[in-house]
Amino acid sequence: MRAIRRLGTIAAAFALLSTLAIAASKAERANKYLTITGTVLQIDKTQRTLLIADRASNQKYLIEVPEGATFKIVFGRYKQMREPGLSDVSVRERIEIRCFRGDTEHLAQLDAGGSAITVTAAQ
């Protein structure tokens, strides 16, 4: 009888600890990405970057778009396109793009004299 009770206690403790580990990793994954929705200000196709003015936070983001990264054109010429590429985006179009949230924010100095937060687009 004691062995069954002890085994049940060990199983309950293991189940409790495993659910805590799953919940912690899920919260960690939630903070891994950042969705930026805003207006495209500048496109550099040689360096594969987009300068975007975020609508929600009034900040500028310099987004590095690797080959194969996807985004959505919310308002613009190719908004019906399923997976637009970097060549399909024009200045003053609104896009929505999912980016990696870094540990620290890196600032880049722009040619016009301002600064922007640099992030990398997720695939």
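See the structure shown above.
What you are looking at is a predicted structure, and each value in this text was computed from that prediction instead of being measured.

**Let's talk about the environment of Glu 64**
Here's step 1: Along the polypeptide, Glu 64 turns up in strand S3 (residues 60-64).
Here's step 2: On the basis of relative accessible area, Glu 64 is assigned to the partly exposed category, the value being 41%.
Here's step 3: Dropping the residues within four chain positions of it, Glu 64 is found in contact with Arg 48, Thr 49, Val 119, Thr 120 and Ala 121.

**Examining the nonpolar core**
Here's step 1: Counting residues in each nonpolar core, the largest one holds 19 residues, and the members touching the most others are Ile 36, Ile 63, Ile 95 and Ile 97.
Here's step 2: Within the residue set of this core, elements represented by two or more residues are strand S1 (33-44), strand S2 (49-54), S3, strand S4 (71-75), strand S5 (94-100) and strand S7 (115-121).
Here's step 3: Not counting residues within four places of it along the chain, the set of residues in contact with Ile 36 comprises Ile 52, Asp 54, Tyr 61, Ile 63, Ile 95, Glu 96, Ile 97, Cys 99 and Val 119.

**Re the environment of Arg 92**
Here's step 1: Relative to the assigned elements, Arg 92 resides in the loop between S4 and S5.
Here's step 2: When its relative accessible area of 68% is taken as the criterion, Arg 92 is described as exposed.
Here's step 3: Distance from Arg 92 to Gly 76, taken between C-alpha atoms, is 8.2 Å for residues 16 residues apart in sequence.

**Some words on the packing of aromatic side chains**
Here's step 1: Within this structure, the stated rule accounts for one aromatic pair.
Here's step 2: Directly above the aromatic system of Phe 75 lies the positively charged group of Arg 94, at a separation of 5.2 Å from the ring centroid.
Here's step 3: One residue, Arg 98, lies across the ring of Tyr 33, its end atom 3.7 Å from the ring centre.

**A look at the pattern of salt bridges**
Here's step 1: Scanning the entire structure with this criterion turns up one salt bridge.
Here's step 2: When the shortest N-O distance is used, the salt bridge between Glu 67 and Arg 48 registers 3.6 Å. Within this pair, whereas Glu 67 is found in the loop between S3 and S4, its partner Arg 48 is found in the loop between S1 and S2, the two being separated by 19 residues in sequence.
Here's step 3: Residue classification places Glu 67 among the exposed positions, given a relative accessible area of 63%.

**Thoughts on the side chain of Glu 93**
Here's step 1: Tracing the sequence through the fold places Glu 93 in the loop between S4 and S5.
Here's step 2: One buried charged residue, Glu 93, remains without a salt bridge, the closest side chain of opposite sign being Arg 77 at 4.6 Å.
Here's step 3: Within the structure, Glu 93 has its side chain in polar contact with the backbone nitrogen of Ser 90 (distance 3.1 Å).
Here's step 4: Sequence-distant contacts of Glu 93, that is, excluding residues within four places in its chain, are made with Gly 38, Thr 39, Val 40, Ile 73, Phe 75, Gly 76, Arg 77, Tyr 78 and Asp 88.

Rules and cut-offs
Residues numbered from 1 in each chain as written. Predicted model: local features only at pLDDT ≥ 70, side-chain atom pairs only at ≥ 80, totals over all residues. Heavy atoms only, no water. Helix = DSSP H or I, 4+ residues; strand = E, 2+ residues; numbered from the N terminus. Buried < 20%, exposed > 50% of the residue type's maximum accessible area, 1.4 Å probe, protein only. Contact = heavy atoms within 4.5 Å. Core = buried A, V, L, I, M, F, W, Y, C linked by side-chain atoms within 4.5 Å. Phe/Tyr/Trp six-rings, centres within 6.5 Å; stacked < 30°, edge-to-face > 60°. Lys NZ or Arg CZ within 6 Å of the ring centre and 35° of its normal. Salt bridge = Lys/Arg side-chain N within 4 Å of Asp/Glu carboxyl O. Lys, Arg positive; Asp, Glu negative; His and termini not counted. Polar contact = N/O pair within 3.5 Å; in protein donor to acceptor, adjacent residues only side chain to side chain.

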